[in-house]
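# Commentary on secondary and tertiary structure
One-letter residues, chain by chain:
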Amino acid sequence: MVEIGINPITWTNDDMPELGGDIPLETCLAEARLAGFSGIEMGGKFPRAASTLAPILARHDLKLVSGWYSAQLARRSADDEARAVEAHLSLLAAMGCRVMVFAEGHGSTDGDSNAALSQRPILAERDWPPFASRLRDLAKRMRARGVRLAFHHHMGTVVQTEVEIDRLMASTSDDVGLLLDTGHLVFAGGDPVAVARRHAKRIVHVHCKDVRRDVLAGALAGDHSFLRAVLDGIFTVPGDGSIDFAAVLSELRPAAYSGWIVVEAEQDPAKAHPLTYAKMGFANLCNAARDAGFDLALR
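Now for a quick tour of the structure. Residue numbers here run from 1 along each chain, matching the order of that chain's written sequence. In view of the model being predicted, local features appear only for residues whose pLDDT reaches at least 70, and side-chain atom pairs are presented and counted only at 80 or more, with totals across whole chains, interfaces and linings using the full set of residues. The basis for every side-chain value is the complete set of non-hydrogen atoms in the structure, without hydrogens or water.

## Observations regarding the overall build of the protein
Going by this rule: Secondary structure elements are defined from DSSP: runs of H or I of at least 4 residues count as helices, runs of E of at least 2 residues count as strands, and each element is numbered from the N terminus. Two residues qualify as a contact provided that any one of their heavy atoms is within 4.5 Å of a heavy atom in the partner residue. Accessible surface is estimated by sampling points in the Shrake-Rupley manner with a 1.4 Å probe; for residues, cover comes only from the protein chains shown. Counting rule applied: Lys, Arg positive; Asp, Glu negative; His and chain ends not counted. A charge is said to be at NZ when it belongs to Lys, at CZ for Arg, at CG for Asp and at CD for Glu.
When you go through the protein residue by residue, the secondary structure sums to 11 helices and 11 strands. With respect to the principal axes defined by its C-alpha atoms, the protein has extents near 50 × 45 × 40 Å. Taking all contacts inside the protein whose residues are at least 6 apart in sequence as the whole, residues at least 24 apart take part in 80%. A total accessible area of about 11,600 Å² is found for the protein, and carbon and sulfur atoms account for 50% of it. Taken together, the 32 basic and 38 acidic charged side chains of the protein have centroids lying 6 Å from each other.

Listed below in structure tokens is the structure:
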């Protein structure tokens, strides 16, 4: 049984406030529920106190799925990171979230509109062992609090490629879960079906974004920034691009995956009407999940 969620980036992009900055949170939540989703991930407009956030989501019959956290484990200790993440971890735990969307942000270029794709950070060979050790330590602490660390491979970060995902999984314990993001993996030249097959038992969260191949080709050829590629429309909702989501999700069935599958497709809401694309993404992802053999927990 899986649940279908959405990320508020369909309505508002926190990295580029000019994209949907004028759309109220209430509109986002109302339309997410209208489109059929059971839950939503956190965004910048969400209150950061459970006592305030819980009744807002309850009014819209939505669960909080998770929330993004950008770590600095490549340069600081697990103890320091644990202190930095505490408020976010406490909020997610209080809201009943089972996973935290967790990315390594040290030196990242994904939020820099002037940084070419080729300028993304690379973790030095000598830095991999201490990074993996700190990640294992922190993930174990988080799991003891009831929230799994879902490591998000991401364009513009030190864990971007299929090879880097494989190394991360090989270097860490089962406490470190993997967030499979179809769009980021294809953008990085990887194969989401193959990665899902190899790491199905470690995957604890799934972001479903589709990719427009023509925009991808242009971004790679021009060595554009990640944000320019987003503005050019590289991402869209499942079923509106080139990825076979039923094939990806089918690889998770043998591992009895039972978490969230989340539509997360950053686009310009002035070009891609949020409710229209939310409905499209919900319908297409439900169909793909059913085709993959999953039962859906719909509300």
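More follows now that the structure is in view.
## Considerations on the nonpolar core
Counted only if it meets this: In this description, a nonpolar core means a group of buried Ala, Val, Leu, Ile, Met, Phe, Trp, Tyr and Cys residues linked to one another through side-chain atoms lying within 4.5 Å. Whether a residue is buried, partly exposed or exposed follows from its accessible area with a 1.4 Å probe, protein chains only, as a fraction of its type maximum: under 20%, in between, or over 50%, in that order.
One finds Phe102, Phe187 and Ile261 to be the most contacted residues of the largest nonpolar core, which totals 97 residues. At 8 residues, helix 11 (residues 274–291) tops the list of elements feeding residues into this core. Contacts of Phe102, omitting those with residues within four sequence positions, involve Tyr69, Ala71, Leu73, Leu135, Leu138, Leu149, Ala150, Phe151 and His152.

## Digging into the pattern of salt bridges
Selection criterion: In the sections that follow, a salt bridge refers to a side-chain nitrogen of Lys or Arg positioned within 4 Å of a carboxyl oxygen of Asp or Glu.
Going through the model one piece at a time under the given rule, you end up with 22 salt bridges. Here Glu86 ties to Arg145 by a salt bridge, and the two come within 3.0 Å at their closest N and O atoms. Note that Glu86 is positioned in helix 3 (residues 78–94) and Arg145 in the loop between helix 4 (128–144) and strand 6 (148–152), a separation of 59 residues in sequence. For Glu86, a relative accessible area of 31% gives the class partly exposed.

## Examining helix 4
Keep this limit in mind: A helix is expected to span 1.5 Å for every residue after the first. The directions from the helix axis to the C-beta atoms form the arc being described.
Under the 1.5 Å per step criterion, the end-to-end length of helix 4 is 24 Å for 17 residues, consistent within 8% with the ideal 24 Å. All buried positions along helix 4 are accounted for by Trp128, Phe131, Ala132, Leu135, Leu138, Ala139 and Met142. Around the axis of helix 4, the buried residues are gathered within 135° of arc, so they sit on the same side. In helix 4, the exposed positions angled more than 90 degrees off the buried face are occupied by Lys140 and Ala144. On its buried face, helix 4 sits against helix 3, strand 5 (99–104), strand 6, helix 5 (162–171) and strand 7 (176–181). Of the residues flanking the end of helix 4, it is Gly146, one or two places downstream, whose phi is positive at about 90°.

## Quick word on the environment of Leu57
Within the secondary structure, Leu57 is located in helix 2 (residues 50–59). Note: C-alpha distance between Leu57 and Leu29 (28 residues apart in sequence) is 7.6 Å.

## Some thoughts on helix 8 (residues 213–222)
Considered for burial, the residues of helix 8 that qualify are Val215, Leu216 and Ala219. Relative to the axis of helix 8, the buried residues are bounded by an arc of 105° and lie together on one face. Turned more than 90 degrees from where helix 8 packs its buried face, Asp214 and Ala221 sit exposed. Each element contacted by the buried residues of helix 8 is listed here: helix 6 (182–187), strand 9 (210–211) and helix 9 (226–232). Trailing helix 8 by a residue or two, Asp223 shows a phi angle of about 50°, which is positive.

## Here we look at the packing of helix 4 against helix 5
The condition is simple: Axis lines are fitted through C-alpha atoms, for helices just across the contact stretch, and the angle between N-to-C directions can take any value from 0 to 180 degrees. Our angle categories are set so that under 35 degrees counts as roughly parallel, over 145 as roughly antiparallel, 65 to 115 as roughly perpendicular, and the remainder as oblique. Here a crossing is called left-handed whenever its near helix is offset anticlockwise from the far helix by less than a right angle, and right-handed whenever the offset is clockwise. Three classes are used: nonpolar for Ala, Val, Leu, Ile, Met, Phe, Trp, Tyr, Cys and Pro, charged for Asp, Glu, Lys and Arg, and polar for all others, with Gly counted as polar.
For the pair helix 4 and helix 5, the least separation of the axes is 9 Å and the interaxial angle reads 60°. By the angle class used here, helix 4 and helix 5 are oblique. As helix 4 runs across helix 5, the sense of the crossing is right-handed. Along the contact surface, helix 4 presents Trp128, Phe131, Ala132, Leu135 and Arg136, while helix 5 presents Glu164, Arg167, Leu168 and Ser171. The residue makeup of the contact of helix 4 with helix 5, split by class, is 5 nonpolar, 1 polar and 3 charged.

Treat this as a map of the structure, not an account of what it does.
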